[in-house]
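Single-letter residue listing:
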There are 2 protein chains.
Amino acid sequence: MSNEIKNFFYPKSICVVGASTKEKSIGYELLKTISTFGYQGMILPVNPKAESVLGYKCYKTIDEINDQIDLAIIVVPKQFVEDSIDTLLTKGVKSILLITAGFKEIGKAGEEVENRIVQKIKDAGARMVGPNCMGVINTIEDIKLNATFVAEKPEFGNTGFFSQSGALGAAVLNSLRETHIKFAHFISAGNKADINENDLLKYWQTDDNIKTLTYYLESFVNGEEFIIPFITNEVEKPVLVLKAGKTAGGMKAASSHTGALSSKDKVVDALLNQFGIIRVNDLNEMFNTAKGFENFKSPKGNRIAVITNAGGPAILAVDSLEKENLELAEFTEETKNKLREVVHPEGSVNNPVDLLPGGNAETYKRVNEIVSEDENVDAIISIFVEPVMVQPFDVVEGIYDVKTDKPIIQVDMPLPEFWDTYKRDSKKQMPVFRNPEDPAEVISNMLFYNKSKKKLIEYKDQYESMLKCKVCKKYEFEKGFLTQEQVNEIADDYGIPVIKNKLVKPEALKSLNGEFYPLVIKGISKDVVHKSELNAVKLDIRNKEELLASAEEIEENFTKYDFKVDEFLIQPFIKTKHEILIGGFRDPSFGPIIMFGTGGKYVEVVCDTTIRSAYLCGADIDEMIDTTVIGKILKGVRGEKPIDMDYLKKIILASALMLIENKNISEFDLNPLIVAQDDSIHAVDIRIKWE
Amino acid sequence: MSNEIKNFFYPKSICVVGASTKEKSIGYELLKTISTFGYQGMILPVNPKAESVLGYKCYKTIDEINDQIDLAIIVVPKQFVEDSIDTLLTKGVKSILLITAGFKEIGKAGEEVENRIVQKIKDAGARMVGPNCMGVINTIEDIKLNATFVAEKPEFGNTGFFSQSGALGAAVLNSLRETHIKFAHFISAGNKADINENDLLKYWQTDDNIKTLTYYLESFVNGEEFIIPFITNEVEKPVLVLKAGKTAGGMKAASSHTGALSSKDKVVDALLNQFGIIRVNDLNEMFNTAKGFENFKSPKGNRIAVITNAGGPAILAVDSLEKENLELAEFTEETKNKLREVVHPEGSVNNPVDLLPGGNAETYKRVNEIVSEDENVDAIISIFVEPVMVQPFDVVEGIYDVKTDKPIIQVDMPLPEFWDTYKRDSKKQMPVFRNPEDPAEVISNMLFYNKSKKKLIEYKDQYESMLKCKVCKKYEFEKGFLTQEQVNEIADDYGIPVIKNKLVKPEALKSLNGEFYPLVIKGISKDVVHKSELNAVKLDIRNKEELLASAEEIEENFTKYDFKVDEFLIQPFIKTKHEILIGGFRDPSFGPIIMFGTGGKYVEVVCDTTIRSAYLCGADIDEMIDTTVIGKILKGVRGEKPIDMDYLKKIILASALMLIENKNISEFDLNPLIVAQDDSIHAVDIRIKWE
């Protein structure tokens, strides 16, 4: 990778265009922060009126600078931005941090300037962060760059933090002394006019200072581009995403605030989950989990021991285990015997281990040692509520001396003084959490990451074959919903089992011969999509007489609503055992999406569906089946024999392929796909929208 | 109410049995805390060896004390506890706080002593808090009692805080300087051997210093006793419950830690919700909500305005609105016009209002004023992220000067210094939250409380008629599952529509005459409860020949599993449209519980059920219907006409009455209750367990 992005974090020289001598102005505060954090490179301020700013020699114009500029930071008022960029590009500057606001986020006029700037940047082979952003930070000792206007001194940790919102970044920076969040790089991406989450996803893979990636996002610039490196196993580091703008309301706010368009939240949720991207619910969970990845080895399984000096917090921790699908470990007898030698007889040697308020540094350490040696334990949550008689520092510090590969995650509920003492005196500076519920989230996220990573590796070939599907050019259909014949053709090609069917004009119905009864008749009009409201379907018709009567009734119903029956669709009547839905659509950001679940006319009320990227593997299909009610029923409950699950999975896969290979399909659904009393499977109603 | 409970909070004199001169001992630290917090009454320490402790004259024995003892606090080792209590009771002391541990929670021996002590206390007409607890606090200025061993100085607020876990209480006390939690009373209830949550629920109703009740509970001593005062409208104050031990695992921990038995969590959840008791998820939500009730008037509706100086946190707040069923208010044009005069042209005058980082004390105050005057706004969330140029104190303090009846709840994300400044200099000391997601929870809880309170008042008569149901003594059935005849009898009495049915011995089947076909035949054995696994049911039998063949097949199936068909049940065959479940059981703690939802053989997989106390009103029945998928379907979706909902509600009510009036019914279910093609309703399978 070339240096355009690296130079945002590792510049040897920075030019501050718009440096100011006026306190509380951005141009002043930014330079001051750079200076006080101890930037190790060369600082080149530009200000037409000042000789020097904060002791640094000042240049009247950018052109005056003869030194190489690795990174240019622009804080001039917006009317001077474009000129500055022109000059910088002419000088060959390749990395530009544009802090100034007033572009796309304020409307059409701003958007035009922003687009023009981006084009110039691209033409020059340069890269830009911003506009409308808060800056970048690199805490690494030989760089020490805090190019933001929050004058805090962040500490080094192996995390990269990308924030689409400058304010949220600022809030995190404001809180550092209380939250003890640490990171290597911070980037406030603003409008993401050029550099966005996808660039950093790639760049941070190549940077050894970064072990975990954290994102606060309000939108994905291109969701498909974001997930593909995960599918292809090019992402080797855990990625955590706090995605805001979850709801319709949230999306509205996102759009008016940063000019970004949010993807639908269910798609985001499903796809991040499918590809091992950890979606967190809040900042606390994000940075706790980052601390987890940074400081602990991954647990091998989900069997958790809880050690405590008090009941209540332990119970809250146990509650949180079950919420996160973790289990309370069952100790071996050997462990319990060893514990009996240390634990107060009125305490508990079962899990949770209770040392009672007398538990001190020595007993806590020994108990953690014993429990970590138990083969039934994968991770430990050690909780300490500060009582009168025992000081917390030695307890906490001592536990982190236990030699084990298993994570021991600590919660402390001390008097406030503890936090300063710990920060000052702790040699290891390992994380200590505040709430008994925190560690379970962290452990659960680590296990999720491991499991997903394993899946992505195991099913590599399947995933790649889906990604490499060739675009099908066979069909030349007109736009709109496909006709029954077209549906038959494409479904047959992909092996989707369409029920036998025949289209008959109303006037031809009387002369119809040789149809097998019982059958189903449906009225079809090019103007009607959903049929059940119109009573357009009649089932279990046993003879010609019933057929004609039903047809008449359907025509009357249509007339009532001012529609006309163009044709009748005739199918064999199948005795239904189960109704399935398989559907799909093309998400504007994340591409082809597949849906599976309970079908039938109550599908919107029953809400038993699950979605995945159509770039899916066998394990994804299994999971879709296992997480839906209909899937569980089809696999057989209470002694029933399952339906032909392999065949069902083939139909799901075929549907995914059909969607991927035919870019013209914007949406489709098989609803219902019927499982008959004899367990045969038939798609009785297929809608495909062609665009 | 007499003074036995009041004296735990308002004693004029306290005797500390086991006061000690040894630093870090409970007997020393407790007395020190009492002293340093500034207790306004008389302190009477008892210690056989010391002349004085911490400057207080010490008594060798309890008997030596001639003054009246309002409250006795016992901290002696457990072997001396019983004697101390004997002496105190002889002296006529009526309020005893037993801090010492080592009773029920350590097993059988401890339980025996505890039971003996409780009996003595009861016989003497005294009351006891504990054992195994952390003490009590009253922060009211003319009492100032901190009888715990956490030497913090809690501040006064109108909240009562009951903690079943001493440690959790301690953790809260430890954190006070960071969380700014305030309360009037704190009580650590320990083993709840005598005084428990029900006592405080009653007592705090009578105490004007308490406006909101908060509980941390691991179990309910008697759930039915807890909910009845809500049903009868005797509880006039908001009650917040953090109930731990949610899960099976959680319950295990609860039981091993405080010797308490947890109720099943779903019952707890449903019943608290039914009677307007606010169940919170964590300590943060509990105390934030308490601050809400204490400091703000209740919002009239759920239309929320968000005011911010930055996008990100506002989007997180909007996300949290939708999670809590709140809505983003739509401003009037008048409001937007007024806002345009104040808000920066590049900001936003829509909701969320964005003042941009330049928003200062003046604009924030004015914008909050304008928005609070909008008739479409019920409450405001005002968020401030500290930027470089604006100090947070004046912003926050200024907003609380806005004159309005609508709650304005503030979030601040400042540098850490702010919190100390605010605590020191704020005149109003109104709450300021830390996370953009916090206010939505608080508002939602306040709205829930109002809505519930309204329901409890509106349906007072219906609730009371349920509570006053007389025990029915008509039936004298044997224990076990009722026979078909018994089921018919009781169902007929209550108006539950049992389908016509007839029991026939296998040998009598051949001579059966005059049955109407189509019919259903079921094999019945007293040893078999569920039928579908055994293939014991045959449907749609159309003639005698099919009937005999089916009977034979059922008998063969039974034989295969070593069962014997005792009788055949014959019913008309009904074409099923929908399958409903109505069931009920008697919870050991909370009493009679009713269930409604989707019925049929997949009931455990489909999981579409909801429960309520059988002490229910019409609104509860409506809600049961509205919150289930089957309920929505029965009411008619996509143009279908609803079934006879009044009749369905009558059946639910009848089922509740049957359960309440017949104490012998431990559980029952109607599964399925069938809605036929013609919309008639029939219970085709009723099981009732009699105990």
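Residues numbered from 1 in each chain as written. Chains lettered and ligands numbered in written order. Predicted model: local features only at pLDDT ≥ 70, side-chain atom pairs only at ≥ 80, totals over all residues.

Peer 1: Help me understand the overall build of chain A, please; the structure alone is not making it clear to me.
Peer 2: Broken down by element type, chain A carries 24 helices and 31 strands. Overall, chain A is about 100 × 80 × 45 Å in size when its C-alpha atoms are taken along their principal axes. With 691 residues in all, chain A has 51% of them scored as buried. Considering only intrachain contacts with a sequence separation of at least 6, the fraction spanning at least 24 residues in chain A is 72%. (Helix = DSSP H or I, 4+ residues; strand = E, 2+ residues; numbered from the N terminus. Buried ≥ 20, exposed ≤ 12 C-beta atoms within 10 Å, placed from the backbone. Contact = placed C-beta atoms within 7 Å.)

Peer 1: Quick question: what am I supposed to make of the domain arrangement of chain A here?
Peer 2: Frequently, the measure chosen for interface size is the accessible area that the parts lose on association. On domain assignment, one finds that chain A holds domain 1 (3–292), domain 2 (298–436), domain 3 (500–572) and domain 4 (576–690). A C-alpha centroid distance of 46 Å is found between domain 2 of chain A and domain 4 of chain A. (Domains from an automatic or database assignment.)

Peer 1: Is there a simple way to explain the relation of the copies chain A and chain B in this structure?
Peer 2: For these two chain copies, the linking operation is a rotation about an axis paired with a shift along it. After a rotation of 180 degrees and a shift along the axis of 0.0 Å, chain A superposes on chain B with an RMSD of 0.0 Å. The transformation relating the two chain copies, once decomposed into turn and shift, fits a two-fold axis. Here 100% of the interface residues in chain A have copies in chain B that are interface residues too; the copies meet face to matching face. (Least-squares fit on C-alpha atoms with pLDDT ≥ 70 in both.)

Peer 1: Would you explain the interface of chain A and chain B in this entry?
Peer 2: Between chain A and chain B, the residue contacts involve 66 residues of the former and 66 residues of the latter. Of all the secondary-structure elements, those providing two or more residues to the side of chain A that touches chain B are helix 5 (166–174), helix 6 (176–179), helix 9 (248–258), helix 12 (311–323), helix 21 (603–606) and helix 23 (629–634) of chain A. Sorting elements by how many residues they give to the side of chain A that touches chain B places helix 12 of chain A first, with 10 residues.

Peer 1: Help me out: how do you make sense of helix 4 (residues 108–123) of chain B in this one?
Peer 2: It helps to recall that an α-helix has 3.6 residues per turn; residues three or four apart then point in one direction. Residues and elements named next belong to chain B. In this model, helix 4 (16 residues) spans 23 Å end to end at C-alpha, consistent with the 22 Å of a helix rising 1.5 Å per residue. For helix 4, every residue scored as buried is listed here: Gly110, Glu114, Ile117 and Ile121. Buried residues of helix 4, viewed axially, fall in a sector of 65 degrees; they line one side. Among the exposed residues of helix 4, those pointing more than 90 degrees away from its buried face are Lys108, Ala109, Glu112, Arg116, Gln119, Lys122 and Asp123. On its buried side, helix 4 packs onto helix 3 (81–90), strand 6 (95–98) and strand 7 (127–129). Just beyond helix 4, the residue with positive phi is glycine 125, at close to 70 degrees. (Expected span 1.5 Å × (residues − 1). Arc of directions from axis to C-beta.)

Peer 1: Would you mind going over the sheet that holds strand 23 (residues 519–524) of chain B with me for this structure?
Peer 2: The strands making up a sheet associate through backbone hydrogen bonding, with each pair oriented either parallel or antiparallel. All names here are of chain B. The sheet built from 4 strands is open, its strands ordered 22-25-23-24 with antiparallel pairing. Only two strands of the sheet have a single partner each, and these edge strands are strand 22 (502–504) and strand 24 (537–541). The average undirected angle you get between the axes of adjacent strands in this sheet is 25 degrees. Each of strand 23, strand 24 and strand 25 (567–572) is contacted by helix 20 (residues 544–560), which is oriented at about 25 degrees to strand 23, the strand it contacts most. (Pairing = 2+ DSSP bridges. Axes fitted to C-alpha atoms, helices over the stretch in contact; angles between N-to-C directions.)

Peer 1: When you look at helix 13 (residues 333–340) of chain A in this model, what are you seeing that I'm missing?
Peer 2: All names here are of chain A. Those residues of helix 13 lying buried are Thr335, Lys338 and Leu339. Buried residues of helix 13, viewed axially, fall in a sector of 100 degrees; they line one side. Seen from the open side of helix 13, the exposed residues pointing more than 90 degrees away from its buried face are Glu333, Glu334, Asn337 and Arg340.

Peer 1: Even after reading the chapter, I still don't get the nonpolar core, so can you show me in this structure?
Peer 2: Nonpolar side chains in soluble globular proteins generally cluster together in the buried interior. Core analysis: the largest hydrophobic core is formed by 399 residues, its most contacted members being Ile73 and Leu97 of chain A together with Leu97 of chain B. With sequence-adjacent residues up to four places away left out, isoleucine 73 of chain A is seen in contact with Ile14, Cys15, Val16, Val17, Leu97, Ile99 and Ala147 of chain A. (Core = buried A, V, L, I, M, F, W, Y, C linked by C-beta atoms within 7 Å.)

Peer 1: How should I be thinking about the sheet that holds strand 24 (residues 537–541) of chain A in this particular structure?
Peer 2: Residue and element names in this part refer to chain A. Strands sit in the order 22-25-23-24 across an open sheet of 4 strands; the sheet is antiparallel. In this open sheet, the two strands that pair with only one neighbour each are strand 22 (502–504) and strand 24. Mean inter-strand twist for the sheet, computed between neighbouring axes without regard to direction, equals 25 degrees. For strand 23 (residues 519–524) and strand 25 (residues 567–572), the ladder comprises 6 bridges, and the chain directions are antiparallel. Each bridged residue has a counterpart across the sheet, and for glycine 523 the counterpart in strand 25 is phenylalanine 568.

Peer 1: Please explain the packing of helix 15 (residues 392–399) of chain A against helix 16 (residues 417–425) of chain A as it appears in this structure.
Peer 2: All names here are of chain A. Packing of helix 15 against helix 16 leaves a shortest axis separation of 10 Å and a crossing angle of 45 degrees. Between helix 15 and helix 16, the angle falls in the class oblique. Viewed along their axes, helix 15 and helix 16 form a crossing whose handedness is right-handed. Residues Pro392, Phe393 and Val396 of helix 15 touch helix 16, and the partners they reach there are Phe418, Thr421, Tyr422 and Asp425. The residue makeup of the contact of helix 15 with helix 16, split by class, is 5 nonpolar, 1 polar and 1 charged. (Parallel < 35°, antiparallel > 145°, perpendicular 65-115°, else oblique. Left-handed = near helix turned anticlockwise from the far one by under 90°. Nonpolar A, V, L, I, M, F, W, Y, C, P; charged D, E, K, R; others polar.)

Peer 1: Explanation requested: the environment of tyrosine 56 of chain B in the structure shown.
Peer 2: Residues and elements named next belong to chain B. Structurally, the position occupied by tyrosine 56 is in strand 4 (residues 56–57). The partly exposed category is assigned to tyrosine 56, around which 17 C-beta atoms lie within 10 Å. Sequence separation between tyrosine 56 and serine 35 is 21 residues, and the spatial gap between their C-alpha atoms is 9.5 Å. Discounting chain neighbours no more than four positions away, the residues touching tyrosine 56 are Ile43 and Pro45.

Peer 1: What is the right way to look at unusual backbone geometry in this model?
Peer 2: Among all residues except glycine, the phi angle is most often negative; among peptide bonds, the trans geometry is most common. All names here are of chain A. Here the residue pair glycine 130 and proline 131 is connected by a cis peptide bond, since its omega of -5 degrees sits within 30 degrees of zero. If you trace the backbone, proline 131 turns up in the loop between strand 7 (127–129) and strand 8 (135–138). Cis geometry is adopted by the peptide bond preceding proline 352, which originates at asparagine 351 and carries an omega value of 0 degrees. Phi is positive for lysine 144, which is not a glycine, with a value near 55 degrees. Counting through the fold element by element, lysine 144 comes out in the loop between strand 8 and strand 9 (145–147).

Peer 1: Hey, could you run me through the environment of serine 188 of chain A in this one?
Peer 2: Residue and element names in this part refer to chain A. Structurally, serine 188 is set in strand 11 (residues 185–188). Distance in space between the C-alpha atoms of serine 188 and phenylalanine 9 is 12 Å, their sequence separation being 179 residues. In this structure serine 188 touches Cys133, Met134, Gly135, Thr148, Ser163, Gly166 and Gly169, once residues within four positions along its chain are discounted.

Peer 1: Help me understand the pairing of strand 8 (residues 135–138) of chain B, please; the structure alone is not making it clear to me.
Peer 2: Looking along a regular strand, one sees the side chains alternate between the two faces of the sheet. Residue and element names in this part refer to chain B. Here strand 8 shows two buried faces, one formed by Gly135 and Ile137 and the other by Val136 and Asn138. By the bridge criterion, 3 bridges tie strand 8 to strand 9 (residues 145–147) in an arrangement that is antiparallel. Within the sheet, the bridge partner assigned to valine 136 lies in strand 9 and is alanine 147. Here strand 8 folds back onto strand 9 in antiparallel fashion, the turn holding 6 residues, of which lysine 144 has a positive phi close to 55 degrees.

Peer 1: Help me understand the packing of helix 14 (residues 361–372) of chain A against helix 15 of chain A in this model?
Peer 2: When two helices pack together, their arrangement is given by the angle between the helix axes and by the axis-to-axis distance. Residue and element names in this part refer to chain A. It is the contact of helix 14 with helix 15, at a shortest axis distance of 8 Å, that shows an interaxial angle of 20 degrees. Between helix 14 and helix 15, the angle is such that the two are roughly parallel. Considering how the two elements wind past one another, helix 14 and helix 15 form a crossing that is right-handed. Here Ala361, Tyr364, Lys365 and Asn368 of helix 14 lie close against helix 15, whose contacting residues are Asp394, Val395, Gly398 and Ile399. Tallied by class, the residues present in the contact of helix 14 with helix 15 amount to 4 nonpolar, 2 polar and 2 charged.

Peer 1: I keep staring at the confidence of the model for chain A and nothing clicks. Help me out?
Peer 2: The predicted coordinates should not be examined in detail at positions where pLDDT is low. Residues and elements named next belong to chain A. Looking at chain A, pLDDT values average 92 and 96% of them are 70 or higher. Low pLDDT (under 50) marks residues 249–263, which in the prediction has 52 contacts with non-local residues, meaning those over four places away or in another chain. Both scores are available for the predicted complex, with the pTM at 0.92 and the ipTM at 0.90. (pLDDT = per-residue confidence, 0-100.)

Peer 1: When you look at the environment of proline 642 of chain A in this model, what are you seeing that I'm missing?
Peer 2: Residue and element names in this part refer to chain A. With respect to the helices and strands, proline 642 occurs in the loop between helix 23 and helix 24 (645–661). Take proline 642: there are 12 C-beta atoms within 10 Å of it, and that puts it in the exposed class. Taking C-alpha positions, proline 642 is 8.9 Å from aspartate 679, a pair spaced 37 residues apart along the chain. Aside from chain neighbours lying at most four places away, what touches proline 642 is Leu634, Lys635 and Gly636.

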